[in-house]
Amino acid sequence: MTNHFKTTIKLIACLAISIGLFSCSDNLVESRQNFDKDWKFQLGDDSLAFQPDYNDQDWRALNLPHDWSIEGEFCKDNPANPEGGALPTGIAWYRKTFKIDSESKAENYYIDFDGVMRNSEVWINGHYLGKRPFGYISFRYDLTPYLNAKAEQNVLAVKVDNSAQPASRWYTGSGIYRHVWLVPEQAVHVAHWGIFVTTPEINTESAHVKLDLKVRNTTSSAQPIHVKTTIFDAEGVALVKSTSQIEAIDSISALSQIVEVPKPKLWSVDSPTRYHAITEIYWQDELVDRYETPFGIRSFEFTPDKGFFLNGEHLEIYGVNQHHDLGALGAAVNTRAMERQLEILKGMGCNAIRMAHNPPAPELLDLCDEMGFLVINESFDEWKKTKAKKGYHLYWDEWHVRDLQDMVLRDRNHPSIIAWSIGNEIPEQFDTTGIAITRELAAIVKELDTTRPVTSALTENDPEKNNIYKSGVLDLLSFNYKHKDYLDFPEKFPGECMLASENMSALSTRGHYDMPSDSVRVWPPAYNQPFDGNDDYTASSYDNAIAYWGATHEDTWAVIKNNEFIPGMFIWSGFDYIGEPLPYPYPARSSYLGIIDLCGFPKDVYYMYQSEWTDKTMLHLFPHWNWDEGQLVDLWAYYNNADEVELFVNGVSQGRKSKPEDQFHVIWRVPFAPGSIKAVSYKDGEKVMEKEIQTAGKPSQIELTADRNTISADGSDLSFITVKVLDENGNLVPDADNLINFEITGSGFNIGVDNGYQASLEPFKANYRKAFNGKCLLIVQATEDAGEIAVSASGEGLGMTNIEIKTTN
Ligand code: GAL
């Protein structure tokens, strides 16, 4: 929610109070408090650390969110394995000493954890509150019975045990890596995740908005209460109201309210309009709780033959899969870092994210709502059968019901979510136990939400052999890979709706090119086969390297684009992520499968999607123009809004070319001679755009470009500074690997460095980084003191370059 909106609502509420619309004061309503600050942290186990009087004086002081793995050193022998990112895991403790504000009038206090990786156990003042093994789930404990008197010290202790490894097929991070909240409440209040907003009827004149509400009564007797819900539009204008009286007899009482919103503005990917329901609980003549639920009004439908429709209009799903790490920041949640990822994805036309393969941070779903992304929310990568040796199967029996319920309860108000996926490539699809488990999971979801389809990402596409399919309860069939088989689906799965949930797994390293570009490397070539990759652990960026189960971007996109019954696809993956460095062994430690590298620098194929998925006029020529004299070089161009492209080498035309059908680039093979290459696109004979690349000389200077030069002095905002090594004429030196040293002073600090090279063993937390193929990245984080962050970057023979980032309140 924007600050503007908050202020507007406050103003309207004050106005309403002053003119007597509300008869009661609201001095009892306290909003949830961010509880991230001033924790103590210690790596290693100590069975006594739960005790309130334990001496944690020498422990490290830090603020959350925190991921201790990302601070560690890469090592092949780390138990998480290179597949898990080759970083340390282990056991650690967090402690926080706090007082309840003596002014607070609340009678109940809850603590909400958005996610702890993993096996967390929590104590308050020495009392054990419980355990949550699953690292991706949000959970709450009631602190009330164990708190000391107001103004006295309380100690919250959290043990995090991520020592059982390998726990995952990718990097998980370790620690309290998402936000923590203290939630003060009166004796009667909205229950945890206690409001569910649906829009059962939508037409151009009005939308019926239904609120299913659960009220928690912590007194021991029945309480008459009065519930008022007001719907505000995106500008903060109150539209409609509903009031209800109930007798809260039990500890949880349910009620429903329906309001009619006139002339609704629909939520869509291009216009993600949100409304806000403000629900107020009145008890004993006082306003005791106010709960805000942002929601969207939209309808959608998957069809068996015509794809996907949003608000009655056909929409092609341009999706990517995303793991949760944020590159050099690790798993530690940062809203700006997630927003930047989404901005970069929007720039290539992406409109959908599959949350692979677990529930994301709540802020990411808020951003998807706000920025207009469709979401597949996914619960599990493992059921009862093993994928990672110490993976979720260990906790399945005890926890799967609760974890799945909690995912749906937490997330079901997000307009962005269009399907619940109950699993990814689950081995039970090959086993008859899959039938009963699928039915159980689908029933759990349907009990809590019938407005979205239940799906599961499948690999087995023989209907006779796939037990998850045979359960008969999937509303939507999601398939990973084998895109050529899609063509048989209407016949194989008559009447079913499908989705391409994972595609490609094409490999690439930013700025690296293997020629000839028209021969495809399959790495690894087949199951369990040795492969012959590059000695420097790189993969080519010509869209000519794939895993054996995958395919090139162009081959896959041609099938999806040309078949109306396929609603779109989800590329594996949007960004490179830490872990799963296939096809290479250590020192490779992060993935090659992204369209965008770990720093957020687009690889070339990003522009193929931009040419296909956006209307933005573009032209992208690659690779660089620094080769051996006489070497034959493949030059590619992606373009749109033009009929043809002409290539010039040192001023001499190499002819005009147009994309052949179902190919999304043009190519020339030319001998290298130092100088320049230039591509010019034309429409109806008129020039549209041109792009020129010069042969670069020796590295001689550093260029620093911040994604934002002014950021908030809020203690968490970030500026991402791209560092380029240039020659004396300002050309990017395409193979520069100079060591760059950073110095940061003022109102911010260095929170991470990276260069996107999948086999770099340099730490992410350092004041230096080698450039890789000409570039690296520095991320600076604002403190809470408004001012300036002075950044300098220097390197041998490169001089020093400075940049200043302003931080404002
Ligand atoms: C898929 C899997 C993903 C990832 C990908 C790599 O089979 O679902 O999680 O491992 O392969 O190609």
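None of the values given here were measured: they were computed from a predicted structure.

Any chance you could break down the sheet that holds strand β13 (residues 223-232) for me, citing the residues and the numbers?
Ordered in space as β14-β13-β16-β17, the four strands form an open sheet in which the pairing is antiparallel. Pairing within the sheet leaves two strands with one partner each, and these edge strands are β14 (238-248) and β17 (286-295). Across the sheet, the axes of successive neighbouring strands diverge by a mean angle of 20 degrees, strand direction being ignored. Sheet topology note: the β13/β14 ladder contains ten bridges and is antiparallel. The residue of β14 that forms the bridge with Phe232 is Ala238.

Hey, could you go over a nonpolar patch on the surface for me, with residue numbers and the actual values?
Together, Val520, Val522, Tyr527, Tyr548 and Trp549 make up an exposed nonpolar region whose accessible area comes to about 470 Å². Within the fold, Val520 resides in the loop between β27 (498-504) and β28 (521-522).

Could you give an account of the side chain of Asp369, with specific residues and numbers?
When you line up the elements, Asp369 lands in helix α3 (residues 362-371). Setting aside anything within four residues of it in sequence, one finds Asp369 in contact with Trp267, Pro272, Arg274, His414, Pro415 and Ser416.

So what's going on with the site of the ligand? Which residues, and what values?
The local shell around the ligand consists of Arg169, His357, Asn424, Glu425, Asn480, Tyr481, Glu502, Ser505, Trp549, Trp572, Glu580 and Leu593. In the model, an oxygen atom of the ligand is placed 2.7 Å from a nitrogen or oxygen of the Arg169 side chain. Protein coverage of the free-state accessible area of the ligand, which is 310 Å², stands at 94%. The residue inventory of the shell around the ligand, partitioned by class, reads four nonpolar, four polar and four charged.

Would you mind going over the pairing of strand β30 (residues 568-572) in detail, with residue names and values included?
Within β30, five of the five residues are buried, leaving the element largely enclosed by the surrounding structure. The side-chain alternation of β30 yields two buried faces, one formed by Gly568, Phe570 and Trp572 and the other by Met569 and Ile571. Alignment of strand β21 (residues 317-322) against β30, held across four bridges, turns out to be parallel. Bridge assignment links Gly319 to a residue of β30, and that residue is Phe570.

Give a detailed account of the packing of helix α2 (residues 335-347) against α3, specifying residues and quantitative values.
Remark: α2 packs on α3, axes separated minimally by 10 Å, with the N-to-C direction vectors making an angle of 40 degrees. Looking at the two axes, α2 sits oblique to α3. Classified by chirality, the crossing of α3 by α2 is right-handed. Seen from α2, the contacting residues are Thr335, Met338, Glu339, Leu342, Glu343 and Lys346; seen from α3, they are Glu363, Leu364, Leu367, Cys368 and Met371. Its residues assigned to classes, the contact of α2 with α3 shows six nonpolar, one polar and four charged.

Tell me about the domain arrangement of the chain, and please be specific about residues and values.
Assigned domains within the chain: domain 1 (13-22 + 188-296), domain 2 (33-185), domain 3 (304-506 + 550-592), domain 4 (619-694) and domain 5 (701-808). Summarising the inter-unit geometry, the C-alpha centres of domain 1 and domain 5 are found 46 Å apart.

Could you give an account of α2, with specific residues and numbers?
With 13 residues, α2 extends 18 Å from end C-alpha to end C-alpha; this agrees with the ideal 18 Å at 1.5 Å per step. For α2, the secondary structure elements touched by its buried residues are β21, β22 (352-355), α3, α9 (605-613), β40 (718-726) and β44 (775-782). If you check the start of α2, you find a side-chain oxygen 3.0 Å away from the backbone N of Arg336, and it comes from Asn334. Two residues or fewer after α2 comes Gly349, characterised by a positive phi angle close to 100 degrees.

So what's going on with the pattern of salt bridges? Residues and values would help.
Once their charged atoms are close, side chains differing in charge can pair, the charge on each being opposite to the other. One pass over the full model with this rule turns up 39 salt bridges. For Arg354, the salt bridge goes to Glu378, with nearest N and O atoms at 2.8 Å. Highlighted residues: Arg354 in strand β22 and Glu378 in strand β23 (residues 374-378), separated in sequence by 24 residues. There is no split in this pair, since Arg354 and Glu378 are both buried.

Could you give me a rundown of unusual backbone geometry, with the residues and numbers involved?
Here the bond from Met117 into Arg118 is cis, since omega is -20 degrees, no more than 30 degrees from zero. For Arg118, the location among the structural elements is in the loop between β5 (108-113) and β6 (120-124). Cis rather than trans, the peptide bond between Phe622 and Pro623 has omega equal to 5 degrees. Inspection of the secondary structure puts Pro623 in the loop between β31 (619-622) and β32 (632-639). A positive phi angle, near 50 degrees, is found at Asn119, a position not held by glycine. When you line up the elements, Asn119 lands in the loop between β5 and β6. Given a relative accessible area of 7%, Asn119 falls into the buried group. Not every positive phi belongs to a glycine, and Asn528 is a case in point at roughly 60 degrees. In this structure, Asn528 sits in the loop between β28 and β29 (545-546).

Talk me through the packing of helix α8 (residues 553-562) against α9; I want residue IDs and the actual numbers.
In the contact formed by α8 and α9, the axes pass within 11 Å of each other and the chain directions differ by 20 degrees. In terms of orientation, α8 and α9 fall into the roughly parallel class. Between α8 and α9 lies a crossing whose hand is right-handed. Contacts from His553, Glu554, Trp557 and Lys561 of α8 reach α9 at Val605, Met608, Tyr609, Glu612 and Trp613. Looking at the contact of α8 with α9 residue by residue, the classes come out as five nonpolar, one polar and three charged.

For the packing of aromatic side chains, give the residues involved together with the corresponding values.
Going through the model one piece at a time under the given rule, you end up with 47 aromatic pairs. Between Trp636 and Tyr638, the ring centres sit 6.3 Å apart and the planes meet at 80 degrees, which makes this aromatic pair edge-to-face. With relative accessibility at 4%, the residue Trp636 sits in the buried group. Among the residues examined, Tyr638 registers a relative accessible area of 0% and is labelled buried. Positioned over the ring face of Phe35 is Lys96, at 4.4 Å from the centre of the ring.

Tell me about the confidence of the model for the chain, residues and numbers included.
Here the chain shows a mean pLDDT of 95. Residues at 70 or above account for 97%. Across residues 1-24 the pLDDT falls below 50, and counting only partners more than four positions away or on other chains, this stretch makes 33 contacts in the model.

Could you give an account of α3, with specific residues and numbers?
Since the α-helix advances by 3.6 residues per turn, residues separated by three or four positions end up pointing in the same direction. Among the ten residues that make up α3, eight are buried, leaving the element largely enclosed by the rest of the structure. Within α3, the full set of buried residues consists of Pro362, Glu363, Leu364, Leu365, Leu367, Cys368, Asp369 and Met371. Buried positions along α3 lie against β10 (180-185), α2, β22, β23, α4 (396-411) and β24 (417-424). The first or second residue beyond α3 is Gly372, which carries a positive phi of 85 degrees.

Kindly report on the environment of Leu365, identifying the contributing residues and their values.
Tracing the chain through its elements places Leu365 in helix α3. Between the C-alpha atoms of Leu365 and Leu64, which are 301 residues apart in sequence, the distance is 20 Å. Excluding its chain neighbours within four sequence positions, the residues that come into contact with Leu365 are Met355, Pro360, Val375, Asn377, Arg410, Asp411, His414, Ser416 and Ile417.

Rules of the game
All chains use their own residue numbering, which begins from 1 and follows the written sequence. Thresholds applied to this predicted model are a pLDDT of at least 70 for local features of residues and 80 or more for the giving and counting of side-chain atom pairs; totals over whole chains, interfaces and linings are not thresholded and use all residues. Note that water and hydrogens are dropped before the side-chain values are worked out from all heavy atoms of the structure. Strand pairing is assigned whenever DSSP identifies at least 2 bridges connecting the two strands. Numbering goes from the N terminus for both helices and strands, where a helix is a DSSP run of H or I of at least four residues and a strand is a run of E of at least two. Note on geometry: axes are lines fitted to C-alpha atoms, helical ones only across the stretch in contact, with angles between N-to-C directions running from 0 to 180 degrees. Think of a patch as exposed residues, more than 30% relative accessible area, with no salt bridge, where like charges cluster within 9 Å and nonpolar side chains (Val, Leu, Ile, Met, Phe, Trp, Tyr) cluster within 5 Å. Accessible surface is estimated by sampling points in the Shrake-Rupley manner with a 1.4 Å probe; for residues, cover comes only from the protein chains shown. Salt bridges are defined by distance alone: a side-chain nitrogen of Lys or Arg within 4 Å of a carboxyl oxygen of Asp or Glu. Contact criterion: two residues are considered in contact whenever any of their non-hydrogen atoms come within 4.5 Å of each other. Definition of nearness: a residue and a molecule or strand are near each other if at least one heavy atom of the residue lies within 4 Å of the molecule or strand. Polar contacts, as counted here, are pairs of nitrogen or oxygen atoms within 3.5 Å of one another; within protein the pair requires one atom able to donate a hydrogen and one able to accept it, and residues that are adjacent in sequence qualify only if both atoms are side-chain atoms. Amino acids outside the nonpolar list (Ala, Val, Leu, Ile, Met, Phe, Trp, Tyr, Cys, Pro) and the charged list (Asp, Glu, Lys, Arg) are all regarded as polar, and Gly is one of them. Classification of residues uses two cut-offs on accessible area relative to the type maximum, computed with a 1.4 Å probe and protein chains only: under 20% is buried, over 50% is exposed, and between them is partly exposed. Roughly parallel refers to an angle under 35 degrees, roughly antiparallel to one over 145, roughly perpendicular to one between 65 and 115, and oblique to any angle outside these ranges. Put simply, a crossing is left-handed when the front helix is turned counterclockwise from the back one by less than a right angle, and right-handed when it is turned clockwise. Note: domain ranges come from an automatic or database domain assignment. Here the expected length of a helix is defined as 1.5 Å per residue gap, with one fewer gap than residues. Pairing of aromatic side chains here covers Phe, Tyr and the six-membered ring of Trp, requires ring centres within 6.5 Å, and sorts the geometry by plane angle: under 30 degrees stacked, over 60 edge-to-face, intermediate tilted. As a reminder, the over-ring test applies to NZ of lysine and CZ of arginine, requiring each to be within 6 Å of the ring centre and within 35 degrees of the ring normal. For every residue, the predictor assigns a confidence score, pLDDT, that lies between 0 and 100.

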